[in-house]
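Read off the chains here:
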Amino acid sequence: MATENYKLLKKESLPALFDKLTASGKTIYAPVKNGEKTEFDVVTKYSNDINDEYIQTVQSLKGTVFPKVEKLFDYKSDKTDTSIQEPDFSKFPQNVLWGLHPCDAAAFRPLDATFRWDYDDKYFLTRMKLTTVVGLSCSKHDDYCFCTSVDISPASSDGSDIMLTKNKAGDYLVEIVTEKGQEVYDMAKELFGEISDDKESYITDVPKKFDLNELNKNLDGSFEAPYWLAQSMRCIGCGACAYVCPTCTCFDLQDEGAANKGSRIKCWDSCGFGHFTLHTSGHNPRETQSQRWRQRILHKFSYMPDRIKVFGCMGCGRCSRACPVDMNISENLIKIMEEPKNE
Amino acid sequence: MDKLKQLAKELLSNNQVQIIVGYEEGTVGKARPAFISSPDQADTLIYDERCIHNLAVYLTQHKLPGNTKIAVIASFPVMKSIITLASEKQLDENFIKVIGISKDNNIIEFKDFADIERYINQQDLSFTPEEQALIDKIDAMSMEERWEYWQNEFSRCFKCYACRSACPMCYCTLCITDFNQPQWVSVPSHKLGNFEWHINRAMHLAGRCIGCDECSRACPLDLPINLLTKKLSMDIQKQFGYSAGQSLTEPYALSTYKPDDKETFIR
Amino acid sequence: MSNPNIYKPYLMKIDKVTEEAPFVKTFRLKFTNEEDAAKFNFKAGQFGEYSVAGEGESTFCVASSPTRDGYIECTFRETGRVTSALAGKEEGEIIGFRGPYGNTFPIDEWKGKNLLFIAGGIALPPMRCVIWNCLDLRENFKDFTIVYGAKTVNDLVYKHELKEWEERPDVKLITTVDPGGETPDWKGEIGFVPTVLEKAAPSADNTIAIVCGPPIMIKYTFPILEKLGFKDTDIFTTLENRMKCGFGKCGRCNVGKVYICKDGPVFTYAALKQLPAEY
């Protein structure tokens, strides 16, 4: 194992760093212990409830850049005059997302690719631009984790602006990854030291369950495969998997309010819902749950890499943990590679 | 549970049923629903304390092939669900064989739905002290405290509808939330939309809920929404003496009337 | 404003309302903002999102030709929440429009060819855009045939334009209604579109076929065209799937890896054959 040079952030410097971030107008999201669970929450100062040894939260921080409910604009309208009031994009929050694991940090890449595909989504891109991601290497994992199977490592800094790894002393080895990260560092230089250490020795070993490119190739010509039906028999058709997923982007557009005054809203939706693709005529191209399960898997592992050059799964395992009927995604992906495509 | 496997094999090999809905070993130590259609698969069937999913939900989902005889492994909540669904004319007795599992893990081969009804009524049907305590806690809150409690809980909801999907009684083909002419329930999961949904859900299940708690177990965000339907069940039992899942013939309290009703307005 | 907001609709004034058939109306729409009008252009086949404040957006093709400047038209049937609200709008009122989205009919490549248009019911509107586009460039094309059918005489849309096409010496128009849908004075054909087409047996030689109609009509029309000798690369249609965004993000309209909103809505029959059954 190789020793390298890192910046050092001592545990006792964290309160001062959080104070500085808050004072500079940043909103900090951090993993906070709540009973047995740890969830991301807004914090204004450092506390001992901030958990740097959590495995994974139920919800990702997708909502900070792609909120579950986003007001696109307000409208006012009478018979012959209508006006549209867009939000003040300059007032969008400056977020610091603290302590995300590498899978979550990497998840911003597919989100970005989708919301940038030929048409720039100003709401997402503005939020993303104002976001600083402070990643945290994983010291633990569970059986749902499979980041290494989707070409992410529990220590990778891809997607992070600053990368932290907790060492034996409980302090952080710090890597400044991007300019945004440099800005945070410059703001609080005095809190950082220098250290030589072996980062890899603090990182958990997530076993590789399958090969991503092999899976991708395997999915070619799988549209009519019998396994979609077999795998989805248990599926009860809720949207839990999509809503906890850090990369799912399906959304709905809804008007709320009266004819003369109201808003247009973009809100989360899921390809797992039966009415998602229902035509007004009553025809539904994805009428059964197996067709919708197929869409979920093919979208992430075949369509996205083909169309926007990025896979739609980061191996965080959230969907599998959240599923009420144990539709375990990595188990199903492995089965897809083992089973024949044609009967 | 070798007896269960044996029974399953028999049922499938003499073609008494074509599919068995039961449980199998899942991933990461979980049990999960399973669909067994050949005798050699029957060995994967399990039944233990982890088998908590209410399998009755699959009986109305229209996923299982039509004109097929289905056997379902039924814990006590599943039995009650089946009785409620049958009383609401949602199940065809000729196509469903119920393999009951008693609280002490014995297999009960029910002859028909009436047999299940009889069995249910031999059991202790009162709310458990634990259930009562949960409701008492909410009841003890002031109106303001209660409002705040539910506001906090509902605001976390992101409307994945796992509660709806996991509930055997939520079998509408067009849920009120999917109806848009008019848009009864706001689609987005903002505060108003979430209140509209959860109040509607609770009211549509008022007195129909058999108390399996699947809704809150399925909820990825652990919202205690089972308390709403539980409370309504208690109230309806108190007011009308009606409890879901106990009778095949007694009409649902909120969709019927009796000429000798104690309230005068209805006469 | 730098960085335009892709969700923000243009505000359009309803300049003219035409009742086409029961529950079917055409709106002529003009931009309320002249800068928008000057910047805007589209091509035949493209679609947009039309919105009523408070009700939401609905997807349909632009029904007017890009050769007609200064306005766009849309024709819709009152079916869902938004189209019902649209139907209640009157001349002078404002609605929203986002677009144009999607690909286009390769009209430039059709120079010197015969054109055969085949449409059924409410699917004439998306084709009307192409028809007028080509008629306005009539000298570029040879024979011009339109086969159009609807359930009943009353359900035929663009009745005035049908008359105009009928009277034009450089257009051959065949109209038909389903058996039982005729009136006593009906002079057109009686029968389903595919049957009428087969009887008319237009030559496939140097001809492009553009087909638009309900799925069942399409299903029976394509084989007949192939029987008549049309190559699948010379048969065009436009597909529909439920859409919300129109630009490849909301996740609804994809057919396999093909997004109707971005890669379509215009496809050749050859391209359709490559698609999985998901539309």
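How each quantity is defined
Residues numbered from 1 in each chain as written. Chains lettered and ligands numbered in written order. Predicted model: local features only at pLDDT ≥ 70, side-chain atom pairs only at ≥ 80, totals over all residues. Heavy atoms only, no water. Pairing = 2+ DSSP bridges. Helix = DSSP H or I, 4+ residues; strand = E, 2+ residues; numbered from the N terminus. Contact = heavy atoms within 4.5 Å. Axes fitted to C-alpha atoms, helices over the stretch in contact; angles between N-to-C directions. Phe/Tyr/Trp six-rings, centres within 6.5 Å; stacked < 30°, edge-to-face > 60°. Buried < 20%, exposed > 50% of the residue type's maximum accessible area, 1.4 Å probe, protein only. Domains from an automatic or database assignment. Buried area = accessible area lost by both parts, 1.4 Å probe. Salt bridge = Lys/Arg side-chain N within 4 Å of Asp/Glu carboxyl O. Polar contact = N/O pair within 3.5 Å; in protein donor to acceptor, adjacent residues only side chain to side chain.

## Some thoughts on the sheet that holds strand E11 (residues 207–212) of chain C
Residues and elements named next belong to chain C.
Phase 1 of the analysis: The 7 strands lie next to each other as E10-E9-E8-E7-E11-E12-E15, forming an open sheet whose pairing is mixed. At either end of the open sheet lies a strand with only one pairing partner, and these are strand E10 (189–190) and strand E15 (266–268).
Phase 2 of the analysis: The pairing of E11 with strand E12 (residues 235–238) spans 3 bridges and is classified as parallel. Bridge pairing in E12 links Val211 to Thr237.
Phase 3 of the analysis: Its contacts with the sheet put helix H6 (residues 215–227) on strand E7 (114–120), E11 and E12, and the angle it makes with E11 is roughly 165°.

## Digging into the packing of aromatic side chains
Residue and element names in this part refer to chain B.
Phase 1 of the analysis: A complete count under the given rule lists 51 aromatic pairs over all chains for this structure.
Phase 2 of the analysis: Taken together, a centroid distance of 5.9 Å and an interplanar angle of 65° make the contact between Tyr242 and Tyr252 edge-to-face. Residue Tyr242 is located in the segment after helix H9 (226–240), and its partner Tyr252 is located in the segment after H9; the two are separated by 10 residues in the primary sequence. Accessibility assignment for this pair places Tyr242 and Tyr252 in one class, buried.

## Topic: the pairing of strand E1 (residues 4–9) of chain A
Phase 1 of the analysis: Here E1(A) runs beside strand E10 (residues 192–197) of chain A; their pairing, made up of 6 bridges, is antiparallel. Note on E10(A): the bridge partner recorded for A:Lys7 is A:Glu194.

## Observations regarding the domain arrangement of chain B
All names here are of chain B.
Phase 1 of the analysis: Domain parsing of chain B yields domain 1 (2–121) and domain 2 (129–255).
Phase 2 of the analysis: Listed by partner, the interface residues are 22 residues for domain 1 and 17 residues for domain 2.
Phase 3 of the analysis: Roughly 1700 Å² of surface becomes buried between domain 1 and domain 2 when both sides are summed, with 57% attributable to carbon and sulfur atoms.
Phase 4 of the analysis: Between domain 1 and domain 2 we count 1 salt bridge in total.
Phase 5 of the analysis: A salt bridge links Glu88 to Arg208, with the nearest nitrogen and oxygen atoms 2.7 Å apart.
Phase 6 of the analysis: There are 7 residue pairs in polar contact (both at pLDDT 80 or more) connecting domain 1 and domain 2.
Phase 7 of the analysis: The greatest single-element share of the side of domain 1 that touches domain 2, amounting to 8 residues, is contributed by helix H2 (residues 76–87).

## Looking at the interface of chain A and chain C
Phase 1 of the analysis: Contacts between the two partners involve 51 residues from chain A, matched on the other side by 50 residues from chain C.
Phase 2 of the analysis: Taking both partners together, chain A and chain C bury about 4200 Å²; carbon and sulfur atoms supply 52% of that area.
Phase 3 of the analysis: Between chain A and chain C we count 10 salt bridges in total.
Phase 4 of the analysis: At the junction of chain A with chain C, the criterion picks out 30 residue pairs in polar contact (both at pLDDT 80 or more).
Phase 5 of the analysis: When residues of the side of chain A that touches chain C are traced back to their parent elements, those giving at least two are strand E4 (69–77), strand E5 (82–85), helix H3 (108–116), helix H4 (122–129), strand E11 (251–257), strand E12 (261–268) and helix H9 (289–308) of chain A.

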